[in-house]
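# Examination of the molecular architecture
Chain by chain, the residues:
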Amino acid sequence: MAVKESSQRLDRELYSRQLPVLGLPAMQRIQEAKVLLSGLQGLGAEVAKNLVLMGVGSLTLHDPQPTCWSDLAAQFLLSEKDLGKSRAEASQKHLAQLNEAVQVFVHASDITEDLLLKFQVVVLTSSKLEDQLTMGALCHKHGVCFIMADTRGLVGQVFSDFGDEFVVNDPTETEPLSPDIQHITQCSPDILTLREEDKELSFCDGDLVTFSGIEDMVELNGCPSQPIHVQRCSKVEDKYYARQNGTENYSGSGVGSFPEDRSLEVEDTSTFSPYLCGGTVTKDKGSETVRHKPLDRALLEPCVVASNACEVRRALCLHQAFRALHEFQHLYGRPLQPWDPVDAEIMVTLARNLGPLKEAEEEPLDEALVRMVALSSAGVLSPMAAILGAVAAQEVVKAISKKFMPLDQWLYFDALDCLPEDEKFLPNPEDCALKDWRYDGQIAVFGAGFQETLSCQRYLLVGAGAIGCELLKGFALMGLGAGTSGSVTVVDMDHIEYSNLSRQFLFRPWDIGKSKAEVAAAATQDLNPDLEVTAYTRILDHTTEDIYADNFFSHVDGVVAAVDTFKARYYLSARCIHYLKPLLEAGTLGTKGSASVFVPHVTEVYKGPVEASEGAPAPVCTLRYFPGTYEHTLQWAQNEFEELFRLPAETINRYQHRAATSLEDVSGLQMLTSLQLLLGVLRVRPQTWQDCVEWALGHWRLRFCDDIIRLLRLFPPYKVHEDGAPFWSGPKQCPQPLEFDISQDMHFLYILAAANLYAQMHGLPGSLDQPALRVLLKLLLQTDPPHVASIFHRETAKSDPEQLKELQESLEVWTKGPALKPLVFGKFHHLQWTHWDRLKVHAGHPEMTLESLLAHLQEHHGLKVTMLLYDNALLYSAQDSAECQAQRLPLRVTELVQQVTGWVPEPERQRVLVLELSCEGEEDDTAFPPLHYELL
């Protein structure tokens, strides 16, 4: 009964993201749990925030110490007005607002043994070793799960003690094996057969399983776990298998006649209802018993699990470093001074004198590592608190829910590679002196000079969801962009929903329905009033490049992607490649997460997972002129659909919305750009069904006849490379222009589909009357064809596709660890380039003509251009007639772009024209870096 009432109280909408990961029983245990948290510096605040958002029943805070300046570098619940107040009391109100279902208490007096008995889990953060040992021993004695966490500068530790025997009901974080059922017999023995597509999913004798989703034989659904026996294909099963597949006369050989592990013997179902269809069989992941040592033993006998011997040695060295830090504070009554070489040498001596750990006598102490820990240990960093606080909170959830394996028992994390490798660039004591400033904790690690550099940064964050809120908190606490010349911009088009409140801690119930970007920006400024945060609520993609144009990105020092689709990541990566900006991207999936950094000319570009990158856009020239795979043709079709039917409709709708409301907030440049694009869309707007059919027929001729004829003028069937090899060979097959043939179903159905889509886009009635369409087409084919060029002439060009942009300024990057060098992407004669590279030409004063541009490319780069395009529009071809070349070569490049595309380049908005080129002698797979023609 109690379980039923608890399940009714559980807010499934609020916890909609974590409920599928943890399951209902675990969520009910979390909801009823009582946790004690002692220590409310930055690390403790992170643990508390995570537990409240996850919905623990009650959280009791303990930290009577007064708030000081160094706390503000990582403790986001505190501010300057809390200086001198108890950390716990000042934090309680803010934590309670995060989740009204969680009771948040403050315990102001000392922690006693009787008090500990009231809690299932006790967490200690940033505490003295003697307190850790005392409380750890009491918790182990009474069976209370004990977790200790600490951060010192760029190193951190987490310790878990769940007692002598702790049963984990769900040890792994992977989804259980759940194949579909094909059939269940009701004979002796009862045989369950898996579907053919699940034949690779393996069961073993004795595996425990449960059933769900079965129709008619509902008695199996929801039954307790039961063992199964794997059948190895008897002749009886062969006969049944043949009968089910319509091959009664099949004479199988018995064993091995169909795949193993597809047939399972289950309990007697003879008294159950007849099996009809459906259902899944789910393999229980079983339970596992964990045995933990108390802290006093684990301190001298640490169990270290790592992927290699170097990581084991480093972890053991960090373990000794933390022991030495505690010993220093015990002897001298104070922490180490930041970057004080005398204190550092004392700590190294203390670590050396501690003696070897049990079973680690042969491991030498890495004194250089200990010394670096000592020098940087006085600081408190928000990112370190966030990482270790997340791990510690997850350990609490494991202790309460009994899901997923806990730590065994120590975890060490360090980010010492954030420090410069060259010692002459390391901070000094004077640079790290405390100033009674909110960044004191960070200055103690990196120095005041670094803080000044950080405050001048201008960063763009795309996405204000769970990860985005965490990043904004980090930016505020670190002071990123908090200087007079710095800034933070957050972009998110979504609005706050109720389910967001369990993981996006910047939002409150009264914010539901409001813009994520605007609320997150205001909340971030509350965390740090020095930080100016600008919110944008329009989506950042190719449809809004008039808003997020050159001027926008030129004022950005870096981009952070906290988005939830690979498509959005690819687009942001393309923008960062284009503008040569570093990109940080992060994402989560269930209990897993990842983060990556991409730096121009230092690392490779973002590619995403294999399955996602296979769907990434192919080079424009390949798609448009030389598609050689099925994927190319599918992408070509998708691009064609977007350009013809989706983008024009969205442009019209946006303009109509603006016109219906107000255009006072639209700049003159934006107005002009929008009107130009509308003119291109509407100049031949259809009025009748016949107009739509004429448009479809004209487009068919453009794509499958005229475009191919123009391509063959540039690359005739007999064209050969310099070495004599034919140009049209391998996957690059020579195309042939088509004449429309009404008797060909493929031709006819294309017109039928395209005309209906075009009519729908313009609000006209379509038609599926095929005989009438054939009559109309025959009539149109007898008259002059539509003037395709005027129909499809572009009045404006879209902004730059997924490509590269000119290096506008050198970026000084402080990299972490050994750099991953970018791979060479292409080669041509003496040239080679990566994804970050591009050709660069200044327009000059007076501006270059097409003729001078071609001469410049040949003289300075050795490139004899055969084809030049802007936004897929052909500006120049070596195969053009002499008359055409005589008209175009004297024109300035911007004049030529305007003449060909109808679009007037606007230097105020777009500083660079990105041109594509082909050159004489290039190989089949050569894809030249884009040519950046600088207007300013």
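One can find the structure itself at the top, above this paragraph.
All of the points below concern the structure found in this document. (Residues numbered from 1 in each chain as written. Predicted model: local features only at pLDDT ≥ 70, side-chain atom pairs only at ≥ 80, totals over all residues. Heavy atoms only, no water.)

### Some remarks on the sheet that holds strand β14 (residues 280–283)
- The strand order across the open sheet formed by 3 strands is β11-β10-β14, and the pairing between neighbours is antiparallel. Looking at the sheet topology across the chains shown, the edges are occupied by β11 (226–227) and β14.
- Sheet topology places strand β10 (residues 208–212) next to β11; 2 bridges connect them, and they run antiparallel. Of the residues in β11, the one forming a bridge with L208 is P227. (Pairing = 2+ DSSP bridges. Helix = DSSP H or I, 4+ residues; strand = E, 2+ residues; numbered from the N terminus.)

### Here we look at the environment of H555
- Along the chain, H555 turns up in the loop between α18 (550–554) and β20 (558–561).
- The spatial distance from the C-alpha of H555 to the C-alpha of L460 is 9.6 Å, given a sequence separation of 95 residues.
- Residues within four places of H555 in sequence aside, it is in contact with R458 and R911. (Contact = heavy atoms within 4.5 Å.)

### Things to note about helix α15 (residues 448–455)
- Residues of α15 that are buried include every one of A448, Q451, L454 and S455, and no others. In a view along the axis of α15, the buried residues occupy a sector of 115 degrees, so they form one face of it. (Buried < 20%, exposed > 50% of the residue type's maximum accessible area, 1.4 Å probe, protein only. Arc of directions from axis to C-beta.)

### Topic: the packing of aromatic side chains
- Here the structure, examined in full by the defined rule, presents 21 aromatic pairs.
- On the numbers, 4.7 Å between centres and 45 degrees between planes, the contact of F159 with W410 is tilted. Separated by 251 residues along the polypeptide, F159 in strand β6 (residues 155–161) and W410 in strand β16 (residues 410–414) bring together distant segments of the chain.
- Given the relative accessible area of 0%, F159 is considered buried.
- Taken together, the ring pairs connect F146, F159, F322, W410 and Y412 into an aromatic cluster.
- Stacked on the ring of F76, the Lys or Arg K473 has its end atom at 5.3 Å from the ring centre.
- Directly above the aromatic system of F748 lies the positively charged group of R774, at a separation of 3.9 Å from the ring centroid. (Phe/Tyr/Trp six-rings, centres within 6.5 Å; stacked < 30°, edge-to-face > 60°. Lys NZ or Arg CZ within 6 Å of the ring centre and 35° of its normal.)

### A closer look at the side chain of S91
- With respect to the helices and strands, S91 occurs in helix α5 (residues 87–98).
- A polar contact of 2.7 Å, which involves the side chain of S91, links it to the backbone oxygen of R87. (Polar contact = N/O pair within 3.5 Å; in protein donor to acceptor, adjacent residues only side chain to side chain.)

### Side note on the pairing of strand β4 (residues 121–125)
- Where burial is concerned, most of β4 is hidden: 5 out of the 5 residues are buried.
- Every second residue of β4 is oriented toward a common face, with V121, V123 and T125 on one face and V122 and L124 on the other, all of them buried.
- Strand direction decides the pairing type here: strand β1 (residues 34–38) and β4, joined by 4 bridges, are parallel. Looking at the pairing, L37 lines up with V123 of β4.
- Here β4 pairs with strand β5 (residues 145–152) via 5 bridges, running parallel. Each bridged residue has a counterpart across the sheet, and for V123 the counterpart in β5 is I147.

### Remarks on the side chain of T603
- Topologically, T603 is positioned in the loop between β22 (592–598) and α20 (610–613).
- The exposure class of T603 is buried, given its relative accessible area of 11%.

### Looking at helix α26 (residues 770–782)
- The end-to-end C-alpha separation of α26 is 19 Å, in line with the 18 Å expected for 13 residues at 1.5 Å each.
- Restricting attention to buried positions, one finds in α26 the residues L773, L776, L777 and L780. Projected down its long axis, α26 shows its buried positions confined to an angular sector of 100 degrees, all on one face. Away from its buried face by more than 90 degrees, α26 exposes P771, V775 and Q782.
- Contact partners of the buried residues in α26: α24 (689–714) and α25 (745–761). (Expected span 1.5 Å × (residues − 1).)

### A few points about the packing of helix α4 (residues 42–54) against helix α13 (residues 382–401)
- Where α4 contacts α13, the axes come no closer than 8 Å and their chain directions differ by 45 degrees. As judged from the angle between their axes, α4 and α13 are oblique. Handedness of the α4/α13 crossing: right-handed. In contact with G42, L43, E46, V47, N50, L51 and M54 of α4, α13 contributes A385, A386, L388, G389, A390, A392, A393, V396 and V397.
- For the contact of α4 with α13, a count of residues per class yields 12 nonpolar, 3 polar and 1 charged. (Axes fitted to C-alpha atoms, helices over the stretch in contact; angles between N-to-C directions. Parallel < 35°, antiparallel > 145°, perpendicular 65-115°, else oblique. Left-handed = near helix turned anticlockwise from the far one by under 90°. Nonpolar A, V, L, I, M, F, W, Y, C, P; charged D, E, K, R; others polar.)

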